[in-house]
Amino acid sequence: MKLIITEKNQTAKRIAQVLSDGKARREGGPRSTLYAFKLDGEDVKCLGLRGHIMKVDFPPEFRQWQDVEPRELVDAEILKVPSEKTLVSAVKKLAKSADKIVIATDYDREGELIGADVASLIRDVNPRAEIKRARFSSLTPTEIKKAFSSLEEIDEGLARAGEARQDIDLIWGAALTRFISLATTRLGQRFLSVGRVQSPTLALVVQRENEIQSFIPEDYWQVKARLKSDGEEFVATHKTERFDSQEKAKRAYEKVKGKGVIVSAQVRKRKIAPPSPFNTTAFIAAASALRVSPARAMELAENLYSRGYISYPRVDNTVYPSTLSIRSVLKSISSADVVGELALELLGKDSYKPTRGKTTATDHPPIYPTDSARKEELTPTEWKIYELVVRRFLATISDPAEAESMRLDIDINGEPFVAKGDVIKEEGFLRYYPYFRKKDEELPALKEGDEVRVLEGIIEKKQTQPPPRYTEGKLIEKMEEEGLGTKSTRHIIVQNLIERGYIYGSPLRPSETGIAVASALERHATHVTTPEMTARLEMDMDAIVERERTLEGVIEESRVMLKEILEGMEEKKSQISQEIRNGIRGDMVLGVCPSCGGEIRIRKAKKTGKRFAGCGNYPECETLYPLPQSGGVLATGEICEQCGTPKVRIINKGRKPWELCLDPNCPRKNRYEAGKASRKKSGKN
DNA sequence: GCAAGGTC
């Protein structure tokens, strides 16, 4: 028997179908990922895994955080243990009766590692089996057949590179997480985490907040003129866009009366290029702009993918492969509600020139629709995401939009003014992808020498603005730019930072704890807070692939570095502990006491150990409120309009953070309960 | 109970 192992069910199904010309059958229950068929008289089985089926961990004697010094983890043995037990035993069972094994996991570093892990499991139970590797970068019949007719060997170098990543992440993550958690005695559920990707990401949010806090706004003045010509009104702005003093602005403003003369009128045609195909990050950014959070957008996309509506959503590539037939994609979506008609329109074209993005990768095709959906088959949010994917696809194969921009230079009593207009003349792709379309700004058709009437002058005081906080989508884009995380993990990393209480809100801000952890790490373990740690690791991994370095060498070097860092931190332990505890204490302040003006803080009842919110002026002030006993509690800085108590945010793992005011008898609560009940009824949306 | 990486 020949056994084929793939990384996921969908791939197993596809490969089995292609190699058997559609004759493969699923074996076992409805949740099974095993497909069986015959090929040239030989029995073939194809098993789909669920990503990694093995994980790395320390031996049991290192499990108790309080009993182990974090630095002991640096040299501790690292074990590989099954993380998907049923799949591990399925592999073993099947491998016993197989003489040929083909590893057909994804063609990337992690895929090679998954494959090598499986191969070593198989060698344990069946040392005589021949193990080969199939490599393909798309799931077209030609590519699959080619891969299986020219089998290769497992690339041990690539697999070792993956192992280096795994080991280094565990060693650094575990040792530093335990160090700061132990130093601050934040143990149990609410430990403080550190990691190669999460810590630099936290640092990004903290740095942005620092820029905002240290930003000194400068006053400036703007002068505008409301003008009229032939019954049409429009606004022109003084050419000096920012006057640095009120006097100067006033001098210009005082001349804004009577008439203006058009000094020049320029009309320019401008093309607006259609957007590039969706990779994960671009998709997340677009969904984020439509107010679907990254984690939710990915959850919805994965669900649509497993039901056959869209292609694989975890992808770096932004260029459609030449093997993707645009015409058949259009046909497959032509009976969809709403967007099907749009697809039919584009089916009339003779040829297609899809746009291309910056990233050419061979992992998967960019995200595109694979089937027609009806509105009643999907929840409203699923539909929103499906429609977005379809419309983006249609946009990538349609024409540029054409805009006409107009600029009028106007002289008003010697003061120069400018009016700008922008009007879409040809819709092009905007017909299919209207999401971020700007409103037309029209100007009257004036020419040089024409006169306009001044209706009024406007003088406005403004201030320079600090850079904006990151939205989740923008943060994920920034992570990609900095090389942090992967298409599959970035949204999870951001969600983890939120669940840990490090960052919160929309747009994102760091909590006091987040700021304190980031600054302590920046001072004492700089390496782990910068994207360079990842960049360096990537280089070392490349060197392992090229056999220029060994896995052992790379890890040893990393261990030496971490040991030094931990030694330094050990010396400054009490200082680090103090700093972070100050941050934690900062987050304990929930707001202002409505009866005495003191601080409402999170406290613990001495007898029961239960937490509650109470006034810092106790016993003079006895104000206290109950708190939910599970989840994180964070201040929002806002007070309830109804009852005047501070509003807090409750963070629970795996759930969307929610807000409530502290007063359990607030009249708003009834409304909240009603809202909750109706949400429950309508399902997940 | 630590990380980050796969996949559901």
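Described below are features of the structure shown in this document. Each chain has its residues counted from 1, following the order in which its sequence is written. Chains carry letters from A onward and ligands carry numbers from 1 onward, assigned in written order. pLDDT decides what is reported in this predicted model: residues at 70 or higher carry local features, side-chain atom pairs at 80 or more are listed and counted, and totals for whole chains, interfaces and linings draw on all residues regardless. In computing side-chain values, all of the structure's heavy atoms are included and hydrogens and water are not.

1. Here's the deal with the overall build of chain A
Next up, step 1: For the purposes of this entry, the term helix denotes a DSSP run of H or I that reaches at least four residues, the term strand denotes a run of E that reaches at least two, and both are numbered from the N terminus. Across its full length, chain A carries 19 helices and 23 strands.
Next up, step 2: Seen through its principal axes, chain A has C-alpha atoms that stretch 95 × 80 × 55 Å.
Next up, step 3: Note on contacts: a residue pair is in contact if any heavy atoms of the two residues lie within 4.5 Å. Contacts in chain A between residues at least 24 apart in sequence constitute 70% of all its contacts with a sequence separation of at least 6.
Next up, step 4: Each accessible area is a Shrake-Rupley result for a 1.4 Å probe, and residues are judged covered by the shown protein chains and nothing else. For chain A, the accessible area works out to roughly 34800 Å², and carbon and sulfur atoms hold 48% of it.
Next up, step 5: Across chain A, the centroid of the 113 positively charged side chains sits 5 Å from that of the 102 negatively charged ones. Asp and Glu count as negative and Lys and Arg as positive, but His and the ends of the chain are not part of the count. Charge placement uses NZ in Lys and CZ in Arg. For Asp and Glu, CG and CD serve respectively.

2. Description of the protein's contact with DNA strand B
Next up, step 1: Nearness is judged by heavy atoms alone; a residue qualifies as near a molecule or strand once a single heavy atom is within 4 Å of it. Around DNA strand B, 42 residues are found, and the nearest of them are Arg 50, Arg 178, Gly 188, Tyr 312 and Thr 486.
Next up, step 2: Looking at DNA strand B alone, sugar and phosphate atoms form 61% of those within 4 Å of the protein.
Next up, step 3: Pairs of N or O atoms are called polar contacts if they sit within 3.5 Å, as long as, within protein, a hydrogen donor faces a hydrogen acceptor (for residues adjacent in sequence, only side-chain-to-side-chain pairs). Gln 198 places a main-chain nitrogen or oxygen 2.8 Å from a phosphate oxygen of DNA strand B.
Next up, step 4: In the model, a phosphate oxygen of DNA strand B is placed 2.6 Å from a nitrogen or oxygen of the Thr 486 side chain.
Next up, step 5: Within the residue set of the surface near DNA strand B, elements represented by two or more residues are strand 5 (54-57) and helix 5 (156-183).
Next up, step 6: The greatest single-element share of the surface near DNA strand B, amounting to 8 residues, is contributed by helix 5.
Next up, step 7: Basically, the charged four are Asp, Glu, Lys and Arg, the nonpolar ten are Ala, Val, Leu, Ile, Met, Phe, Trp, Tyr, Cys and Pro, and anything else, Gly included, counts as polar. Class assignment of the residues belonging to the surface near DNA strand B gives a composition of 11 nonpolar, 16 polar and 15 charged.

3. Description of the nonpolar core
Note on soluble globular proteins: their nonpolar side chains tend to be buried together.
Next up, step 1: In terms of nonpolar packing, the biggest core is built from 109 residues, with Phe 283, Leu 330, Tyr 386, Phe 393 and Leu 394 touching the most fellow members.
Next up, step 2: When residues no more than four places from it in sequence are discounted, the contact partners of Tyr 386 are Leu 304, Tyr 309, Ile 310, Ile 333, Ala 336, Val 339, Asp 371, Ser 372, Ala 373 and Leu 378.
Next up, step 3: Among buried residues, the Ala, Val, Leu, Ile, Met, Phe, Trp, Tyr and Cys ones that are joined through side-chain atoms within 4.5 Å form a nonpolar core. Summary of the burial criterion: residues with accessible area below 20% of their type's maximum are buried, those above 50% are exposed, and those between are partly exposed, where the area comes from a 1.4 Å probe applied to protein chains only. Residues Leu 34, Met 54, Ala 95 and Ala 159 belong to the second largest nonpolar core, which totals 26 residues.

4. A short note on empty space enclosed by the protein
Next up, step 1: Grid points spaced at 1 Å over the protein atoms alone were grouped into cavities, where a 1.4 Å probe fits but cannot get out, and pockets, open sets with protein on both sides within 12 Å along at least five of seven lines, with lining residues defined by an atom within 4 Å of a point. Grid points are joined across faces, edges and corners, and a volume is the space filled by probe spheres set on the points. Going through the model one piece at a time under the given rule, you end up with 2 cavities of 30 Å³ or more.
Next up, step 2: Considering only enclosed or pocket space, the largest cavity measures out at about 120 Å³ in volume.
Next up, step 3: Secondary-structure elements contributing two or more residues to the lining of the largest cavity are helix 5, helix 16 (532-545) and helix 17 (551-571).
Next up, step 4: Classifying every residue of the lining of the largest cavity gives 6 nonpolar, 2 polar and 4 charged.
Next up, step 5: Here the second largest cavity is characterised by a volume of approximately 30 Å³.
Next up, step 6: Around the second largest cavity sit Glu 69, Pro 70, Arg 71, Phe 179, Leu 566 and Glu 570, which together line it.
Next up, step 7: Per-class residue counts for the lining of the second largest cavity are 3 nonpolar, no polar and 3 charged.

By themselves these figures say nothing about function.
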